[in-house]
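Summary of structural features
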Amino acid sequence: MADSEVTDRWRDFFGFEEPYDNQADAVESAIQVGRANGYLAMEGPCGTGKTMAALTAGATLVREGDYERIVVVTPVKQQLQQFVDDLRTMNTGLEEPLRGISLVGKRDLCPYGREGAFPEDASTHDRCEDLRENTARLVESDRKSDDRAVASTAVGGESEEIWWDPQRGSDLAKHARPDGPGQQTFEDALATAGATSPYRTSQPSAPETMVEGDDTPLYCPFEADWYARNKGSPVDFGVGENHVVTAEDYLPAATERGTCPHRVMGVLLEEADVVVGNYNHLFDPDSRPLLESILDERTFVVVDEAHRLEERVRDLLSDRVGRATLKRARNDCQALLSRARQTSEHKQQVADRLASHDVPIEAVERAREFYDDALTWLDERVADHLTREYGPEWRGGNTGDLPDRTVEVPLRDPETVEQDELTAWAEREGYTGDLWRSLPAVGAAVEDTIDDLGLTRTPVCAAVGVIAKRWWEKDHASYLREIELEYSPADERSADRPWQTQYTAGLVLFECMPGDTLKDVFAGLGGGILMSATLEPLDVFGEVAGLEALRRADRPVVERTYTLPFPEENRASWLVDATPFTAHNRGDPAENADQKTWTATRDEYAHVLRTLARSPGNVLVAMPNYREAAWAGEYLRDAVEKPVLVDESSSNDETEALKREFFAGDGKVLVTSTRGTLTEGVDYDGDKLHCAAVVGVPLVNIGSPRVRAVRRAYADAFGEDSAFEYALTVPAVRRARQTIGRVIRGHEEVGTRALVGRRYTAGARHSVHGYLSPGEREEFVRLTPEFLSDQQDRFWADQPSPE
């Protein structure tokens with residue numbers, strides 16, 4: 001079939017009568033680049049219809065045979081639901097619907113974990129893994145390996161050697177019922193998510209007939225039922241609306257049928273045409289195995305909110321091991337060694353089990369010594385840093401002079417590629433690379449031996465060993481090694497050292513350059529779309545997201561930028577040419593609380609803020625940080641006659657309560673930080689917002705060791721001249737653009753947008769004007785603060801009042 005014919009076929013899959021402006025071009029561009037096994041980087045503001053465009057292009061490519069499936073990832077829960085809704089809309093008009101599934105984490109799916117049946121000190125993930133291992137051992141077939149049958153299982157329809165006995169799985173499932181064999185007392189059936197399972201509320205232990213000796217381990221009947229079905233699922237896509245299933249569908253359906261909801265999700269995603277998940281499922285090494293079997297050249301990927309890609313993937317690829325976890329790893333080794341010292345028989349028992357992993361008992365002793373010495377080194381290094389930076393008074397318990405924030409302690413100069421202090425110390429003490437690289441294997445052997453011997457502890461030394469190996473092997477140009485002192489006030493009685501009443505310490509291996517990993521991920525897939533409302537400048541995005549590296553490897557990369565499609569007469573957009581709002585110009589807000597002592601810059605911005613806050617309806621003011629937000633809120637409470645709400649770094653529940661208060665009733669002013677949670681991913685549709693203003697360029701703390709290390713890494717990769725731009729300026733401007741994008745979310749909405757500060761204007765010193773989109777550069781009007789009030793009044797005089 002000709003390219004033009006295939007490209008035009010997308011209208012058969014499009015879920016609505018007619019596409020929006022630019023939506024048709026977005027669909028056709030994605031289809032063309034997808035057929036060439038390339039990538040589309042697309043900036044499309046609210047109203048572009050990016051979600052439906054991406055699904056339509058992907059559906060066309062799948063149904064025309066170019067790909068087998070679509071994988072969608074988004075970091076925003078609300079957007080995940082939008083993909084589900086649009087896919088269901090698309091399926092309404094299709095004779096053969098696309099099978100779709102939305103993914104969630106294991107913690108949300110485990111019936112026992114959801115209903116609090118696990119011990120409080122055990123995470124759902126760890127407890128599930130333990131029960132899965134126990135169940136696997138219980139269902140293992142008695143047949144010898146050379147007699148094992150080969151059959152086609154439900155997982156992907158591929159042949160797999162059946163090492164388990166389905167009948168044993170069925171027997172275990174029956175044993176867990178309230179009226180199961182050997183049940184002495186009646187128990188209610190376990191229920192969750194509005195569904196009742198066939199099993200009793202308590203976790204069952206194995207029947208004596210299926211184990212040797214007195215060991216009767218706990219197991220999971222939901223997992224056993226999955227084996228009884230030969231790893232199949234009794235739940236299909238028919239339980240979801242229009243053949244798109246979410247956890248609200250497959251969790252209760254699986255629970256009622258007595259099979260593991262997480263396993264059901266895994267079976268269905270293998271059969272799905274469209275899989276919708278979050279960034280972790282594609283980019284997190286710990287979560288990616290769930291999708292590993294479907295991530296190949298036959299997969300078309302859609303990366304939503306791609307302006308967040310660099311920052312979020314950097315977090316996912318960074319490792320942290322807390323002091324308490326390091327101590328537990330040491331104690332894991334110690335517990336096994338203590339067992340071995342009890343009697344010669346115990347020593348032989350431990351040695352034999354370790355030997356099955358090719359790990360001698362001496363290796364466990366050496367690992368224990370290393371962890372113990374590393375803990376001592378860590379404590380001394382923290383104490384030295386706090387004394388050097390904040391004085392020695394804290395050592396006597398006077399921690400009042402220690403900062404009430406998280407503290408970074410870099411273990412090398414962030415701007416110099418050199419060995420870190422911990423690694424250098426280890427080498428001096430004789431802990432060489434051979435030791436570091438052995439820790440994952442030693443940890444796994446220790447954990448299996450602890451489990452085999454039935455010792456009552458939940459070990460962590462295998463996971464700690466993996467991080468330790470990465471610490472040794474990763475380069476020093478792309479990774480910064482730090483001690484992180486997370487501000488976490490605690491009771492003195494729970495602290496071994498005075499500083500622990502303020503901080504929780506951990507070792508951090510911080511990933512500075514996620515672009516290489518992103519390139520590898522995208523290179524392993526067939527093609528796709530990376531999209532957001534704020535990707536410009538696209539050449540910078542292509543570099544940091546690994547797309548330019550793909551282009552250099554002859555993979556096609558296409559860029560598209562679309563403008564805001566709503567009527568221009570419904571909005572006014574201003575660049576307010578005020579003195580740059582820098583720390584040097586404005587002064588410390590704490591020292592400028594009294595208007596009589598304000599700097600001239602702060603006085604100038606007070607006038608701008610007062611003018612914007614008096615705008616009709618709800619006004620969102622985004623300051624560079626929460627300290628400045630507190631200053632602005634305090635000033636505006638006296639300067640304007642409408643209610644003023646001030647956001648601060650707080651819990652999700654507190655933030656949600658603040659949003660509800662802002663949206664309720666008459667117009668208010670909400671003051672927050674541009675880097676906070678209220679400036680992205682929040683739906684201010686309808687009459688929820690009428691003016692959005694960003695004050696200053698919201699750069700992160702450029703003195704932070706991590707930021708300095710990122711800048712150094714970017715200088716090595718992209719050149720010294722581009723380092724600050726790529727690492728700091730562009731992400732900051734995207735933050736500002738996301739904030740002003742909260743207003744004007746539909747064709748009927750009316751409002752104003754303001755970027756306040758001279759750096760947003762063209763031709764200014766350190767101007768960021770070129771980092772706005774082409775449409776914004778054309779539409780935003782420069783004006784000085786004294787003209788802002790007249791322009792605002794003139795705009796609203798021609799509009800219906802929102803109040």
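Residues numbered from 1 in each chain as written. Predicted model: local features only at pLDDT ≥ 70, side-chain atom pairs only at ≥ 80, totals over all residues. Heavy atoms only, no water.

Between helix α13 (residues 323-342) and helix α14 (residues 344-355), the shortest axis-to-axis distance is 5 Å and the interhelical angle comes to 135°. As judged from the angle between their axes, α13 and α14 are oblique. When α13 is examined against α14, the residues Leu 336, Arg 339, Ala 340 and Gln 342 are found in contact with a partner set consisting of His 346, Lys 347, Gln 349, Val 350 and Leu 354. For the contact of α13 with α14, the class distribution of residues is four nonpolar, three polar and two charged. (Axes fitted to C-alpha atoms, helices over the stretch in contact; angles between N-to-C directions. Helix = DSSP H or I, 4+ residues; strand = E, 2+ residues; numbered from the N terminus. Parallel < 35°, antiparallel > 145°, perpendicular 65-115°, else oblique. Contact = heavy atoms within 4.5 Å. Nonpolar A, V, L, I, M, F, W, Y, C, P; charged D, E, K, R; others polar.)

To continue, consider the sheet that holds strand β20 (residues 669-673). Two orientations exist for strands paired in a sheet by backbone hydrogen bonds: parallel and antiparallel. Taken together, seven strands build an open sheet; the order of strands is β19-β20-β18-β21-β22-β17-β23 and the sheet is parallel. At either end of the open sheet lies a strand with only one pairing partner, and these are β19 (644-646) and β23 (781-783). Across this sheet, the average inter-strand angle for adjacent strands is 20°, counted without regard to direction. As paired strands, β19 and β20 are joined by three bridges and run parallel to one another. Among the inter-strand pairings, Val 644 is bridged to a residue of β20, identified as Val 669. Against the sheet, helix α29 (residues 785-797) makes contact with β17 (571-576), β22 (751-756) and β23, and its axis sits at roughly 180° relative to β17, the strand it touches most. (Pairing = 2+ DSSP bridges.)

Most often, soluble globular proteins keep nonpolar side chains buried together rather than apart. Counting residues in hydrophobic clusters, the biggest one holds 54 residues, and the most contacted among them are Phe 370, Tyr 371, Trp 436, Ile 483 and Leu 485. Broken down by element, this core gets its largest block of residues, twelve residues, from helix α15 (residues 361-390). When sequence neighbours within four positions are dropped, the list of residues in contact with Phe 370 reads Trp 425, Ala 426, Tyr 431, Leu 435, Trp 436 and Leu 439. Counting 46 residues, the second-largest nonpolar core is a separate cluster that includes Val 301, Val 313, Val 521 and Leu 535. (Core = buried A, V, L, I, M, F, W, Y, C linked by side-chain atoms within 4.5 Å. Buried < 20%, exposed > 50% of the residue type's maximum accessible area, 1.4 Å probe, protein only.)

What follows concerns the packing of aromatic side chains. Two aromatic rings are characterised by how far apart their centres lie and by the angle between their planes. Throughout the structure, instances matching the rule amount to 29 aromatic pairs. Their ring planes at 85° and their centres at 5.7 Å tell us that Trp 10 and Phe 14 sit as a pair that is edge-to-face. The pair formed by Trp 10 and Phe 14 is uniform in burial state, with each residue classed as buried. Each residue in the set Phe 370, Tyr 371, Trp 377, Trp 425, Tyr 431, Trp 436 and Trp 472 is aromatic and connected to the rest through ring pairs, giving one cluster. Above the plane of the ring of Trp 471 lies Arg 481, whose end atom (NZ or CZ) is 5.8 Å from the centre. Over the ring of Trp 631 we find Arg 602; its NZ or CZ atom is 4.6 Å from the centre of that ring. (Phe/Tyr/Trp six-rings, centres within 6.5 Å; stacked < 30°, edge-to-face > 60°. Lys NZ or Arg CZ within 6 Å of the ring centre and 35° of its normal.)

Turning to a negative patch on the surface, a few remarks are in order. A cluster of like negative charges, contributed by Asp 126, Asp 130, Glu 133, Asp 448 and Asp 452, occupies part of the molecular surface. Going through the elements one at a time, α6 (124-139) and α17 (433-452) are the ones with two or more residues in the negative patch. No other element matches α6, which puts three residues into the negative patch. Mapped onto the secondary structure, Asp 452 falls in helix α17. (Patch = residues over 30% accessible without salt bridge, like charges linked within 9 Å, V, L, I, M, F, W, Y side chains within 5 Å. Areas by Shrake-Rupley, 256 points an atom, 1.4 Å probe, with all protein chains shown as cover. Salt bridge = Lys/Arg side-chain N within 4 Å of Asp/Glu carboxyl O. Lys, Arg positive; Asp, Glu negative; His and termini not counted. Charge placed at Lys NZ, Arg CZ, Asp CG, Glu CD.)

Here the focus is the environment of Ser 615. As for its placement among the helices and strands, Ser 615 is situated in the loop between α23 (600-613) and β18 (619-623). Given the relative accessible area of 0%, Ser 615 is considered buried. With 136 residues separating them along the chain, Ser 615 and Gly 751 place their C-alpha atoms 9.4 Å apart. The residues touching Ser 615, leaving out its near neighbours within four places in the chain, are Lys 642, Cys 691, Thr 752, Gln 792 and Trp 796. A polar contact of 3.1 Å, which involves the side chain of Ser 615, links it to the side chain of Trp 796. (Polar contact = N/O pair within 3.5 Å; in protein donor to acceptor, adjacent residues only side chain to side chain.)

Here we come to the pairing of strand β10 (residues 299-303). Burial of β10 is extensive: five of the five residues sit out of reach of the surface. Neither face of β10 is exposed, since Thr 299, Val 301 and Val 303 on one face and Phe 300 and Val 302 on the opposite face are all buried. The sheet contact formed by strand β2 (residues 69-73) and β10 spans five bridges and is parallel. The residue of β10 that forms the bridge with Val 71 is Val 301. As defined by bridge partners, β10 adjoins strand β15 (residues 527-532) across four bridges and the pair is classed as parallel. Counterpart to Val 303 in the pairing with β15 is Leu 530.

Here we take up the sheet that holds strand β9 (residues 274-277). In space, the eight strands of this open sheet follow the order β8-β3-β9-β2-β10-β15-β1-β16, with parallel pairing throughout. Unpaired on one side and paired on the other, β8 (244-245) and β16 (557-561) mark the two borders of the sheet. In this sheet, β16 lies alongside strand β1 (residues 39-43) in parallel orientation, the contact comprising five bridges. Of the residues in β16, the one forming a bridge with Glu 43 is Thr 561.

Take the pattern of salt bridges next. Tallied over the full model, the rule gives 51 salt bridges. In this structure, Arg 298 and Glu 68 form a salt bridge, with 3.7 Å as the shortest nitrogen-oxygen distance. You can see Arg 298 sitting in the loop between α11 (279-283) and β10 and its partner Glu 68 sitting in the loop between α3 (50-63) and β2, a full 230 residues away along the chain. Arg 298 gets classed as partly exposed once you look at its relative accessible area, which sits at 28%. The exposure class of Glu 68 is partly exposed, given its relative accessible area of 42%. The residue Asp 372 makes a salt bridge to Arg 330 at a minimum N-O spacing of 2.8 Å. Of this pair, Asp 372 sits in helix α15 while Arg 330 is found in helix α13, placing the two residues 42 residues apart along the sequence. Residue classification places Arg 330 among the buried positions, given a relative accessible area of 19%.

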